[in-house]
Amino acid sequence: MTLFRKGALARRPVTDAVSHTIPAIRLPPAFCWLLAAGLTLVSTAGLAGQMPQGQVFTANEHGASLTHIQLAEGTTTTHDIAIAPHNVQISADGRYLLAVGERAGHAHGGDGHAHAHGDEPGKLKVFDALDFDGTPTAVITVGSHPAHVVSDLSGRFAFVTNAGDASVSVVDLESRELVATIGTGDYPHGLRLSPDGSELYVANVADGSVTVIDTVAREEVARIPVGEAPVQVGFTADGAQVYVSLRDENRVAVIDTATREVTASVEVNRLPIQVYGTPDGRLMLVANEGTSDEPDNRVSVIDTATQQVAATYEVGAGAHGISIDDGGRFAFVTSLFDDSLSIIDLVSGDIVATHATGHGPNGVTWLAN
């Protein structure tokens, strides 16, 4: 028997501006209690085909916690971690789970807006990704108001954006110490490593630019004007293009990495936040959050060949974080105002599962093991 979580089956792909509505499903009275139990929703379409494997972690900033989802088992566990994590990321070698944030009670703005905060340094917490129990193996002080974190290709060094002091911290994950600080534009937020590992692209929200960092020299080598309030970046698989969410324009800018110039702009939905490309380079997914008063719940799918929106999916209110499995079939999307994670099957076009998370999920990351 399939168990359903209340309201989730209405979230379906919308293509060519046509909305598909699914009739409400009535559960037997004996199962009504499940609607309030926070259990996983699994769609019948997903049961008929391939289901996602591995693990997913969400950074629940408003709840000062991480949620750990075992996809095959469908189990969900939330762990308090004593900081308000804005983002979470598996290191490139799969060994570490990295979470960044401020002391609980000093939460970062999930939408990339500049919020009032003090000069208190933030923390990078390092966990064993393969034996995660919510207990960090290291806690490392970084800069003010940390937002996002990625590792280099070896998994040895982590890079953390510090919105409060316009910098990126470089942390040696073996010695567990801060080894360098790199200046950026104003209010750096999202960042991604290029596919060859040679560069970092960093979205600077407050000055409308993207910083390019040479990861060997550990210095800013370019700053590219892109538009209003860039929040996050996403590389195509070949590294030739970077897509940048422009929150205050409801658009995504496209950077040619060879010329370091903006070559296109794609209209999406309201207040785009995170962007993430599929491993084959064909698609770029964009999570549109909206506002707490008027949330958006749509994920725009850009065809990178045509640079047009090819499909739109509806998830929970406040679509925010995105990760994609290494096969490129399943996308994992957090919903900030709905306290949930939706799983999109990019082949069938179905929302195949919805999981409850901790309060205010922002970042999300997927692990194969």
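Residues numbered from 1 in each chain as written. Predicted model: local features only at pLDDT ≥ 70, side-chain atom pairs only at ≥ 80, totals over all residues. Heavy atoms only, no water.

(A) Main features of the overall build of the chain. What the chain contains, in helices and strands, is one helix and 30 strands. A total of 369 residues make up the chain; the buried ones form 58% of that total. Sequence separation of at least 24 residues holds for 48% of the intrachain contacts in the chain that already meet a minimum separation of 6. (Helix = DSSP H or I, 4+ residues; strand = E, 2+ residues; numbered from the N terminus. Buried < 20%, exposed > 50% of the residue type's maximum accessible area, 1.4 Å probe, protein only. Contact = heavy atoms within 4.5 Å.)

(B) How the structure looks around the sheet that holds strand E6 (residues 83–90). What the four strands build is an open sheet, ordered E6-E7-E8-E9; its pairing is antiparallel. The open sheet terminates on both sides in strands that have one partner only, identified here as E6 and strand E9 (138–144). Between one strand axis and the next, the sheet turns through 25 degrees on average, direction left out of account. As defined by bridge partners, strand E7 (residues 96–103) adjoins strand E8 (residues 121–128) across six bridges and the pair is classed as antiparallel. Bridging across to E8, Tyr96 finds its partner in Asp128. (Pairing = 2+ DSSP bridges. Axes fitted to C-alpha atoms, helices over the stretch in contact; angles between N-to-C directions.)

(C) How the structure looks around the environment of Leu173. You can see Leu173 is positioned in the loop between strand E12 (167–172) and strand E13 (177–183). Sequence separation between Leu173 and Ala138 is 35 residues; the distance between their C-alpha atoms is 8.7 Å. Beyond its immediate sequence surroundings of up to four residues, Leu173 is in contact with Tyr96, Leu98, Leu124, Val126, Gly155, Arg156, Phe157 and Ala158.

(D) Inspection of the packing of aromatic side chains at higher detail. Evaluation of the coordinates by the stated rule reveals three aromatic pairs. Each ring, one from Tyr201 and one from Phe235, has its centre 5.2 Å from the other, and the planes form 80 degrees; the classification is edge-to-face. Taken together, the residues Tyr201 in strand E15 (residues 199–204) and Phe235 in strand E18 (residues 230–235) connect sequence positions 34 residues apart. Residues Tyr201 and Phe235 agree in their burial class; the two are buried. Through a chain of ring-to-ring contacts, the aromatic side chains of Phe57, Phe127 and Phe132 assemble into a single cluster. Here the guanidinium or amino end of Arg218 rests over the ring plane of Phe157, the centre of that ring lying 4.7 Å away. (Phe/Tyr/Trp six-rings, centres within 6.5 Å; stacked < 30°, edge-to-face > 60°. Lys NZ or Arg CZ within 6 Å of the ring centre and 35° of its normal.)

(E) Here's a closer look at the confidence of the model for the chain. Per-residue pLDDT for the chain averages 87, and the proportion of residues at 70 or more is 83%. In the model of the chain, strand E1 (residues 13–14) stands out as the element of lowest mean pLDDT, 40, in contrast to strand E16 (residues 209–214), which has the highest, 99. Confidence over residues 1–39 falls short of pLDDT 50; this stretch has 65 contacts with residues more than four positions distant or in other chains. Scored below 50 in pLDDT, residues 43–48 makes eleven contacts in the model with residues more than four places away or belonging to other chains. (pLDDT = per-residue confidence, 0-100.)

(F) Region of interest: empty space enclosed by the protein. Going through the model one piece at a time under the given rule, you end up with one cavity of 30 Å³ or more. Asn87, Val88, Gln89, Arg192, Gln274, Tyr276, Ile322, Ser323, Val364 and Thr365 are the residues that line the largest cavity. Only E6, strand E22 (272–277), strand E26 (319–324) and strand E30 (361–367) provide two or more residues apiece to the lining of the largest cavity. Sort the elements by how many residues they give to the lining of the largest cavity and E6 lands first, with three residues. The residue makeup of the lining of the largest cavity, split by class, is four nonpolar, five polar and one charged. (1 Å grid on protein atoms, 1.4 Å probe; cavity = no way out; pocket = protein on both sides within 12 Å on 5 of 7 lines; lining within 4 Å. Points joined across faces, edges and corners; volume = space filled by probe spheres on them. Nonpolar A, V, L, I, M, F, W, Y, C, P; charged D, E, K, R; others polar.)

(G) The side chain of His79, seen in detail. With respect to the element layout, His79 can be found in strand E5 (residues 75–80). Take His79: its relative accessible area is 18%, and that puts it in the buried class. Here the side chain of His79 touches Asp133 through a polar contact of 3.3 Å, landing on its backbone oxygen. Here His79 is in contact with Ala64, Ser65, Leu66, Phe132, Asp133 and Gly134, once residues within four sequence places are set aside. (Polar contact = N/O pair within 3.5 Å; in protein donor to acceptor, adjacent residues only side chain to side chain.)

(H) Inspection of unusual backbone geometry at higher detail. One non-glycine residue, Ala82, adopts positive backbone phi at about 70 degrees. Structurally, Ala82 can be placed in the loop between E5 and E6. Although it is not a glycine, Ala166 sits at a positive phi angle of roughly 55 degrees. Residue position: Ala166 is located in the loop between strand E11 (157–162) and E12.

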